[in-house]
Amino acid sequence: MAKKKHKDLRKRKAITGYLYIAPFIIGFLAFMVLPLIESFRMSFSNVLIGSGSGGFVMEFVGLANIKKAFLVDPEFNRFLTDELSKMVIHVPTTLIVSFFMALLLNQSFKGRGMVRAIFFLPVILSSGVLVGLEFDNSLLAGMQDYIKANTNTASITTVLREILSNSNFGTRFLKVVFEIVDGVYDVVIASGIQIIIFLSGLQTISKSMYEAATIEGCTHWESFWKITLPMVSSVILVNMIYTIIDFFMRTDSEMMDKISSTMIAKMDYGFSSAMAWIYFVAVILIIAVFSAIISKWVYYYE
Amino acid sequence: MNRLLSVKWKEFYSRNKKSGGYLLRKKVCYILYRIIRAILLFGLCFLILQPLMNKISLSFMKERDLYDPTIIVVPRNFTTENYKLVNQLIGFWRAFGNSIGISLLVSVIQVAFCTLVGYGFARFQFPLKRFWFACVVLVIVVPPQTIMSSLYLNFRFFDIFGLITLVTGSTINLQKSIVPYLLLCMTCMGLKSGLYIFLIRQYFRGIPKELEEAAYVDGCGNFNTFIKIMLPDAKPILISCFLFAFVWQWTDAFYSKMFIGNIALISNKLTSISGLLNDYLTSINGTATKASVAYGQMMISTGMIMAIIPLLLLYIIAQKGFVENLSQTGLKM
């Protein structure tokens, strides 16, 4: 008897649980699964609008849209490879930079509150349209060129760059490094949320662990590699996935622009969904590869 | 004071001697480290703030200041003309009002429903829970662009299994109203809803179970417990999510363009500033005129400042709690 009652309670709780998440389930089925299936079908068909009773009709055309994307369209391949190669550099740098900054912000120093506030400012200021507008700020670039041309002052960085790139040593590697240095603004701007996530990860590490390590004669350097890094490794995984997605979905990406302009301006729904799907599959593949690599050494402390 | 210092130094010196120079080395390293850290932090902060300051100074310049190479930061001809012009071009106050209204509405709805779902995921055991949570992650991962063509068409020709066509003879065009978007938000499919569910669930998981059980024992119903016990506890994360939702909605271009394109919002007005400026100059000069790049950029900068100011104010008011809360969420996977 008692056992049956217990089971009933569990059943009741399960039902309440389902009631709580019901909005999500409805939304997921209606506005995620169905559109996903439909847009998948669209990418294999020509979408005709206005025929019949005012709705839209899909006409199956097989792989034509995908072929068009890869073989006919002059921009698609270039945009896709551009985005992917940019991402391969951008994601690790963002992770490293944001981890480093989280480490700094986790220490105590004067004015920490203010520094934190400034660091998280980009979360607010670099979202949506603002990024896109910032992206083609030709005035700022023009002004910098102008000042450089007129004042004729050699900056330390340019001199350093000249020397290094003329030294014929690891030229390709240096090129990547310079690219990163040039893009440091983008990286810093893009890493607001990642810093927050890393910070919360760092704060879950208990202080006693470090104390124990220090008593055993561990230096800061050692405890970083032996305690901090393993303890936040799961957070690194989360952050990596977040960074990849964020990078792919940012508003100033050429690819996203092309997809939405194909849809809204040219009304070529089939082609635009085909491109979106190719793009999406590329994202998933990359996430899968990166997670497979990282989850090899993720350490879970329970 | 001086004596105290010298005593201190003597003590330090003797201790250093005992340690064989180790203490001094350590001290120097520590001070060096602090200096380097300060420089680094200052540089990064400057890097973040510089574009903002640049825009502020630009927005107060006259056009001829832009071509004067001796002017970099401080405008020589200080003017508020730009603000007036942008205000006139984009109809600022109307767009501002609309933006506030829609952002508030959307973010309240989003947070309300995401809280329900997040609470459900955090506090109840039910079959297929892991599967549904995987679906939440999927919602975060799938770029909205993938499904937007289908969503767009479905709302353009809205119909529920052909029922509406049966009754009225044609489909309804929901594209020109805000209804579909609100529908999306209510079902947690709005802008970044997945992320809010994730954060809120994470927070509720951290609240001790005893609190809830005590409420049950005291005869509190299920929903009452949620409202009276759990919600007040979750205030910090709810405020953070609300802030996120508000800010992202405010600057969002994608969903606004797709669903609420006909309502004047700050975000979609911002992108059209340079076009509007050209029209304005054309109407003044009588012939087709294109604003110079610099002038157009100046207007965009001014517009951006005007769009950002409310967000900045909000951030300044809320930032302390906001940052601390988010770092305390204790994100554990």
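For the structure itself, look to the data block above.
Residues numbered from 1 in each chain as written. Chains lettered and ligands numbered in written order. Predicted model: local features only at pLDDT ≥ 70, side-chain atom pairs only at ≥ 80, totals over all residues. Heavy atoms only, no water.

Check the secondary structure of chain B and you find 17 helices and 0 strands. Looking at the 333 residues of chain B, the share that counts as buried comes to 48%. Summarising the internal contacts of chain B: among those between residues at least 6 apart in sequence, 68% fall at separations of at least 24. Per element, the accessible surface of chain B, about 16,900 Å² overall, is 67% carbon and sulfur. (Helix = DSSP H or I, 4+ residues; strand = E, 2+ residues; numbered from the N terminus. Buried < 20%, exposed > 50% of the residue type's maximum accessible area, 1.4 Å probe, protein only. Contact = heavy atoms within 4.5 Å. Areas by Shrake-Rupley, 256 points an atom, 1.4 Å probe, with all protein chains shown as cover.)

This next bit is on the interface of chain B and chain A. Listed per partner, the contact involves 97 residues of chain B and 87 residues of chain A. Of the roughly 8,400 Å² buried between chain B and chain A on both sides combined, carbon and sulfur atoms contribute 78%. The interface formed by chain B and chain A holds 1 salt bridge in total. One salt bridge connects A:Asp246 with B:Lys192, and the closest N-O pair in it is separated by 3.9 Å. (Buried area = accessible area lost by both parts, 1.4 Å probe. Salt bridge = Lys/Arg side-chain N within 4 Å of Asp/Glu carboxyl O.)

Applying the stated criterion to the full structure yields 36 aromatic pairs over all chains. An angle of 90 degrees between the planes, with centres 6.4 Å apart, marks the rings of A:Phe28 and B:Trp132 as edge-to-face. With A:Phe28 in helix H1 (residues 2–42) and B:Trp132 in helix H6 (residues 129–141), this pair bridges two chains. The class for B:Trp132 is buried, based on a relative accessible area of 10%. Seen from their ring centres, B:Tyr119 and B:Phe124 are 5.9 Å apart, and the 85 degrees between their planes marks the pair as edge-to-face. B:Phe124 sits in the buried class, given a relative accessible area of 0%. Members of the aromatic cluster, joined through ring pairs, are A:Tyr18, A:Phe24, A:Phe28, B:Phe121, B:Phe126, B:Phe131, B:Trp132, B:Phe133 and B:Phe198. (Phe/Tyr/Trp six-rings, centres within 6.5 Å; stacked < 30°, edge-to-face > 60°.)

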